[in-house]
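# Chains, contacts and geometry: an overview
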Amino acid sequence: YGDENTFISNLDFSTGIKKLRLDSGLERKQTKGNRENSDYSALFFHSTLFYPVTSNTDFKFYLSTQNDDLGLPGPVPDPLNIPQFGSSSVTSLFDHQKDKNFSFDFTFNYRSSEELSEAKSSNREFSARLFFDRRRMNYSTRYDFLDQVDENYSYLTKSIGGYMQYSFTLKKRNRVTLGLDFSK
């Protein structure tokens, strides 16, 4: 708990069953802000599931969500020109934004370190990752243009992609990396 009626709380949880590992967390933030219409609240959840298949191979799955709700006060207005839907400390008493974000990714890693001979060694690594990200923003505003105007906007972005990468060592001094990266 702190200035401007700000409150942050966290709850974290970790457990393991044999080789499987789960780490999760929940965080809540709230504040009244230091001006009118500058309130903010957020709820964030994340979870990671990790499983080492062997000593050199593992999988990781990550999931997160975040919901934000915030006022948008705008700049402090000119005292001689206070907007109709504002005040002496904010340009807007009504502008508002809500965000809902969701993402996950899946990662596979393989590492090998084999001694082939005194002169050569092969240190190989392979990684692959797939991800998905979805973000929605809802924005509402009120302003004066010959009369009261209320507008609402909604924006949605989605991203999907990943990469594959293979690396190996040549003659203990040279590292070669090949990869493919894609996203939409």
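Just so we're clear, the structure is a prediction, and the values are computed from it rather than from any experiment.

Take the pattern of salt bridges next. Considering all chains together, one arrives at seven salt bridges under this definition. Here Glu 27 makes a salt bridge to Lys 29, at a shortest N to O gap of 3.5 Å. Judged by its relative accessible area of 32%, Lys 29 is partly exposed. Its salt-bridge partner being Asp 105, residue Arg 129 comes within 3.1 Å of it at the nearest N-O pair. In this pair, Arg 129 sits in strand 6 (residues 121-144) while Asp 105 sits in strand 5 (residues 96-115), placing the two residues 24 residues apart along the sequence. Residue classification places Arg 129 among the partly exposed residues on the basis of a relative accessible area of 27%.

Turning our attention to unusual backbone geometry. Positive phi values are uncommon outside glycine, yet Lys 18 reaches one of about 55°. Turning to its location among the elements, Lys 18 is positioned in the loop between strand 1 (7-17) and strand 2 (20-31). Judged by its relative accessible area of 86%, Lys 18 falls in the exposed class. Despite not being glycine, Asn 37 has its phi angle at roughly 55°, a positive value. Of note, Asn 37 is situated in the loop between strand 2 and strand 3 (40-54).

This part is about the packing of aromatic side chains. Remark: the centre distance and the inter-plane angle together describe each pair of aromatic rings, the angle taken between the planes. The final tally for this structure, using the stated rule, is eleven aromatic pairs. For the pair Phe 61 and Phe 104, a centre-to-centre distance of 5.9 Å together with 35° between the ring planes defines the contact as tilted. One end of the pair, Phe 61, is in strand 4 (residues 57-71); the other, Phe 104, is in strand 5, and 43 residues separate them in sequence. The partly exposed category is assigned to Phe 61, whose relative accessible area is 35%.

Moving on, we get to the side chain of Ser 38. Turning to its location among the elements, Ser 38 is positioned in the loop between strand 2 and strand 3. There is a polar contact of 3.3 Å between the side chain of Ser 38 and the backbone nitrogen of Asn 34. Contacts of Ser 38, omitting those with residues within four sequence positions, involve Lys 32, Gly 33, Gly 71 and Pro 73.

This paragraph deals with the confidence of the model for the protein. Here the protein shows a mean pLDDT of 91. Residues at 70 or above account for 95%. In the predicted structure, residues 116-120 sits below a pLDDT of 50 and forms six contacts with residues beyond four places in sequence or in another chain.

One face of the sheet, then the other: side chains in a regular strand alternate in exactly this way. Where strand 7 (residues 148-170) lies against strand 8 (residues 174-183), ten bridges are found, and the strand directions are antiparallel. The residue of strand 8 that forms the bridge with Tyr 166 is Leu 178. Taking the residues that link successive antiparallel strands as the turn, the strand 7-strand 8 hairpin has three residues, and the phi of Lys 171 there is positive, at about 55°.

Below, the discussion takes up the environment of Arg 142. Of note, Arg 142 is situated in strand 6. With a relative accessible area of 24%, Arg 142 lands in the partly exposed category. When the C-alpha atoms of Arg 142 and Ser 183 are compared, they prove to be 37 Å apart, with 41 residues separating the residues in sequence. Those residues in contact with Arg 142 that sit more than four places away from it in its chain are Phe 85, Phe 94, Asp 95, Gln 148, Val 149 and Asp 150.

The rules behind these values
- Residues numbered from 1 in each chain as written.
- Predicted model: local features only at pLDDT ≥ 70, side-chain atom pairs only at ≥ 80, totals over all residues.
- Heavy atoms only, no water.
- Salt bridge = Lys/Arg side-chain N within 4 Å of Asp/Glu carboxyl O.
- Buried < 20%, exposed > 50% of the residue type's maximum accessible area, 1.4 Å probe, protein only.
- Helix = DSSP H or I, 4+ residues; strand = E, 2+ residues; numbered from the N terminus.
- Phe/Tyr/Trp six-rings, centres within 6.5 Å; stacked < 30°, edge-to-face > 60°.
- Polar contact = N/O pair within 3.5 Å; in protein donor to acceptor, adjacent residues only side chain to side chain.
- Contact = heavy atoms within 4.5 Å.
- pLDDT = per-residue confidence, 0-100.
- Pairing = 2+ DSSP bridges.

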